[in-house]
Amino acid sequence: MPKPFLGYTEREAAAIRRALNTEHLLPDADWPSLLAAITEVVTAQPDPVVYQRDAIRRFDRLIDALAATERAYADLGAGLQLHFDDMLPPMGYSPDQLCSALEAAQQAAVLASKQQSAYVYAPTTGKPKDYARRQAVRNLLNIFWQETGVRPKVYTSQHNEEEYAGNFYPFAVAALTPVFPTKKKLGSIILAAYKEWRKATELQQQSLAKKK
């Protein structure tokens, strides 16, 4: 039975840092804070798997709630709107901007319901496999990109014993192996999660580009 993970040892932390430094860790990176963030995302208990159809239903409820809030504000009438506006705490924007923010939130929810998330694995069918590991990989992918400024990559390779390579792969292995000690190779899980994340981020970037 594997021992519970109680935090990275100095040796394990050094291996993680070496894997990041090979990709030019950004100069302003705070290593203790970064290590704490890595520890948090790989040990976090993932939420139960949300299938795509349920994710869409949840976003639909959010869209309806935002629309209802906007209608309820309009139904107050001018006088009660002013009274409500006076009760708002200072937020740096006007009540008109509050309505605009509600509309923007509705638009964001509509787009989110149509796209896979770069943050959460939402399968369409079948039984979720290795969900905790996949979610940890997604979290690490986002950290890697943010902290190095380099887009992560993972691919199969015949030039090493592990059969996988890419700038992200050594970092993922160094961060995950102490947390998920298992005889099962992590490579296939890392690659599968990477492909899902890459597709989701590309769609997200395309959506943002259309807005500009």
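Our subject is the structure listed above.
For the structure given in this document, a descriptive report is provided here. (Residues numbered from 1 in each chain as written. Predicted model: local features only at pLDDT ≥ 70, side-chain atom pairs only at ≥ 80, totals over all residues. Heavy atoms only, no water.)

## Quick look at the pattern of salt bridges
Inference 1: Overall, the coordinates contain four salt bridges when judged by the stated rule.
Inference 2: In this structure, the salt-bridge partner of R57 is D54, at a minimum N-O distance of 3.7 Å. Remark: D54 and R57 occur in helix 3 (residues 52–75); sequence separation between them is three residues, near one turn of the helix.
Inference 3: Judged by its relative accessible area of 43%, R57 falls in the partly exposed class.
Inference 4: With its nearest N and O atoms 3.8 Å apart, the salt bridge here joins R138 to E196. With R138 in helix 6 (residues 131–148) and E196 in helix 8 (residues 187–211), the pair connects residues that are 58 residues apart, well separated along the chain.
Inference 5: Among the ionic contacts, a cluster of salt bridges with common partners joins D54, R57 and R58. (Salt bridge = Lys/Arg side-chain N within 4 Å of Asp/Glu carboxyl O. Helix = DSSP H or I, 4+ residues; strand = E, 2+ residues; numbered from the N terminus. Buried < 20%, exposed > 50% of the residue type's maximum accessible area, 1.4 Å probe, protein only.)

## Details of the nonpolar core
Inference 1: Y8, I16, I38, F168, F171, L176 and I190 are the most contacted members of the largest nonpolar core, which has 36 residues in total.
Inference 2: Where this core is concerned, the elements lending two or more residues are helix 1 (10–21), helix 2 (31–43), helix 6, helix 7 (169–176) and helix 8.
Inference 3: With near-sequence residues (within four places) excluded, L176 lies in contact with V42, A136, V137, L140, L186 and I190. (Core = buried A, V, L, I, M, F, W, Y, C linked by side-chain atoms within 4.5 Å. Contact = heavy atoms within 4.5 Å.)

## Side note on the packing of aromatic side chains
Inference 1: The full count for this structure, using the stated rule, is eight aromatic pairs.
Inference 2: Centroid distance F5 to Y8: 5.1 Å. Interplanar angle 70°. Geometry classified as edge-to-face.
Inference 3: Using a relative accessible area of 23% as the deciding quantity, one classes F5 as partly exposed.
Inference 4: Ring plane angle 90° and centroid distance 5.6 Å describe the contact between F144 and F168, whose orientation is recorded as edge-to-face. Within this pair, whereas F144 is found in helix 6, its partner F168 is found in the loop between strand 2 (164–165) and helix 7, the two being separated by 24 residues in sequence. Across the pair, exposure class does not vary: F144 and F168 are buried alike.
Inference 5: Following the ring pairs from residue to residue traces out a cluster consisting of F144, F168 and F171. (Phe/Tyr/Trp six-rings, centres within 6.5 Å; stacked < 30°, edge-to-face > 60°.)

## Here's the deal with a nonpolar patch on the surface
Inference 1: A cluster of nonpolar side chains, L76, L80 and F84, forms an exposed patch at the surface whose accessible area comes to about 250 Å².
Inference 2: Residue position: F84 is located in helix 4 (residues 77–87).
Inference 3: When its relative accessible area of 36% is taken as the criterion, F84 is described as partly exposed. (Patch = residues over 30% accessible without salt bridge, like charges linked within 9 Å, V, L, I, M, F, W, Y side chains within 5 Å. Areas by Shrake-Rupley, 256 points an atom, 1.4 Å probe, with all protein chains shown as cover.)

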